[in-house]
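Close look at the chain arrangement
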Amino acid sequence: MPIYFSSTFADANIVIWKIEEDEEFFWASSNLKLPPKDAYRIKGYTNVYKRVESLAGRYCAHIASGGQVNFQCFENDPPQADKGYLSIAHTSGYAGAVYHPLVKVGIDIEIISRLVRDRIFTRFASEDEMKTGTENYNRLVLWCAKEAIYKAGHLKGLNFKEHIKVEWNTETQGVGTIHFGGLYKIFALRNVLIENHLICVLCVENAQL
Ligand SMILES: CC(C)(COP(=O)(O)OP(=O)(O)OC[C@H]1O[C@@H](n2cnc3c(N)ncnc32)[C@H](O)[C@@H]1OP(=O)(O)O)[C@@H](O)C(=O)NCCC(=O)NCCS
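For every chain, the first residue of the written sequence is number 1, and numbering continues from 1 onward in sequence order. pLDDT decides what is reported in this predicted model: residues at 70 or higher carry local features, side-chain atom pairs at 80 or more are listed and counted, and totals for whole chains, interfaces and linings draw on all residues regardless.

Here we come to the UniProt feature "domain: 4'-phosphopantetheinyl transferase" (unreviewed entry) in the protein chain. UniProt positions are given in the numbering used here, feature names are shortened, and annotations may be inferred rather than shown by experiment. The UniProt record annotates "domain: 4'-phosphopantetheinyl transferase" (unreviewed entry) at residues 105-191. Helix and strand shares over residues 105-191 are 39% and 33% respectively, and the end C-alpha atoms of the span are 14 Å apart. A run of DSSP states H or I qualifies as a helix once it reaches four residues; a run of E qualifies as a strand once it reaches two. Both are numbered from the N-terminal end.

Have a look at this one:
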């Protein structure tokens, strides 16, 4: 389908795709110019859904960056753009990306029905955050926020519970921080519930709410 959701927040462009195409659609697209190493990695995935989601994520990155940016993706590192910053996420049937021309950004998406059980929740939420996590929806939004901040942080060795903190000022806007060693980073957060089905959280470093 065409774009499922798109928006701009603090100069960051967000694009989300609902995947109804098969992988041939993306391979055949002249828009998607993947570096050979990345194309080789994706072709090597035995799971067809993983292949198509990875391709769709890169497709979103291409659109979000206005088609004018070259980028490379890595297995355990943030995507690297030749201008600005990119982040990619995928989940069953959906992919998304966010692009900012100047500052680091992060994105995560999850289907609203995904359960965050106590055992997992207590591993990533701080004591304060646990007080606000009685409902599964709030737990999922917190999880997505921490994933997005982790991706934007570009720092190895971050622990979600200790180093990444999230505070919501309103239902949809908040602030995320990373305290790690002597480093302090701050991110504006925005969460969006799309069609009562898909949660998307994005963060933009040093942005004003
Ligand atoms: C990197 C990580 C955030 C990816 O999340 P995920 O849920 O597996 O996958 P998503 O669909 O949300 O995002 C995948 C994209 O993130 C990007 N990515 C991968 N590693 C990354 C990193 N270190 N930093 C930023 N972005 C990264 C890639 O673009 C990837 O897309 P691709 O696989 O198509 O190339 C996750 O695997 C991770 O390592 N989390 C931190 C570990 C942790 O502490 N978790 C538990 C805390 S209780």
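This part is about the pairing of strand 10 (residues 183-194). Sheet faces and side chains relate simply in a regular strand, where the side chains alternate between the two faces. One requirement defines pairing of two strands: DSSP has to find at least two bridges between them. The pairing of strand 9 (residues 173-180) with strand 10 spans eight bridges and is classified as antiparallel. From the neighbouring strand, Thr177 faces strand 10, where its bridge partner is Ile186. If you look at the hairpin formed by strand 9 and strand 10, you'll find two residues sitting between the two strands, and Gly181 has a positive phi there, around 60°. Where strand 10 lies against strand 11 (residues 198-205), eight bridges are found, and the strand directions are antiparallel. Within strand 11, the position partnered with Phe187 by the bridge is Glu205. Joining the antiparallel neighbours strand 10 and strand 11 is a turn of three residues, in which Glu195 adopts a positive phi near 50°.

Near the ligand lie 17 residues; those nearest to it are Ser54, Pro78, Ile88, Phe124 and Lys151. Of all the secondary-structure elements, those providing two or more residues to the shell around the ligand are helix 3 (48-64), strand 5 (85-91), helix 4 (118-124) and helix 6 (136-153). Polarity classes work like this: nonpolar for Ala, Val, Leu, Ile, Met, Phe, Trp, Tyr, Cys and Pro, charged for Asp, Glu, Lys and Arg, and polar for all others, with Gly in that last group. A class-by-class count of the residues in the shell around the ligand yields eight nonpolar, four polar and five charged. Looking at which domains feed residues into the shell around the ligand, each of domain 1 (3-104) and domain 2 (109-205) gives three or more. To decide whether a residue is near a molecule or strand, its C-beta atom is placed from the backbone and checked for lying within 6 Å of it. Source of the domain bounds: an automatic or database domain assignment.

On to the domain arrangement of the protein chain. The assigned domain composition of the protein chain is domain 1 (3-104) and domain 2 (109-205). Computed over C-alpha atoms, the centres of domain 1 and domain 2 are 22 Å apart. Each partner contributes residues to the interface: domain 1 has 17 residues there, and domain 2 has 14 residues. Every element with two or more residues in the side of domain 1 that touches domain 2 is listed here: strand 1 (3-9), strand 2 (12-18), strand 5 and strand 6 (94-100). With four residues, strand 6 is the single largest residue contributor to the side of domain 1 that touches domain 2. Considered class by class, the residues forming the side of domain 1 that touches domain 2 number 11 nonpolar, five polar and one charged. By the convention adopted here, residues make contact when the C-beta atoms placed from their backbones lie within 7 Å.

Attention now moves to the nonpolar core. Inside soluble globular proteins, nonpolar side chains tend to come together where they are buried. Note on definitions: a nonpolar core is a set of buried residues drawn from Ala, Val, Leu, Ile, Met, Phe, Trp, Tyr and Cys, linked by C-beta atoms within 7 Å. In this scheme every C-beta is placed from the backbone, and a residue whose C-beta has 20 or more other C-beta atoms within 10 Å is buried, one with 12 or fewer is exposed, and one in between is partly exposed. Judged by nonpolar contacts, the single largest core of 57 residues is most densely connected at Trp17, Cys60, Ala97, Ile107, Leu202 and Cys203. Here this core gets 10 residues from one element, more than from any other, and that element is helix 6. Taken domain by domain, the makeup of this core includes at least three residues from each of domain 1 (3-104) and domain 2 (109-205). Discounting residues that sit within four places of it in the chain, Ala97 has contacts with Val15, Gly57, Cys60, Ala61, Ala64, Leu86, Ser87, Ile88 and Ile107.

Not every positive phi belongs to a glycine, and His154 is a case in point at roughly 55°. Locating His154 in the fold gives a position in the loop between helix 6 and helix 7 (160-163). In this structure His154 comes out as partly exposed when scored by C-beta crowding, with 16 C-beta atoms within 10 Å. One non-glycine residue, Asn196, adopts positive backbone phi at about 55°. Mapped onto the secondary structure, Asn196 falls in the loop between strand 10 and strand 11.

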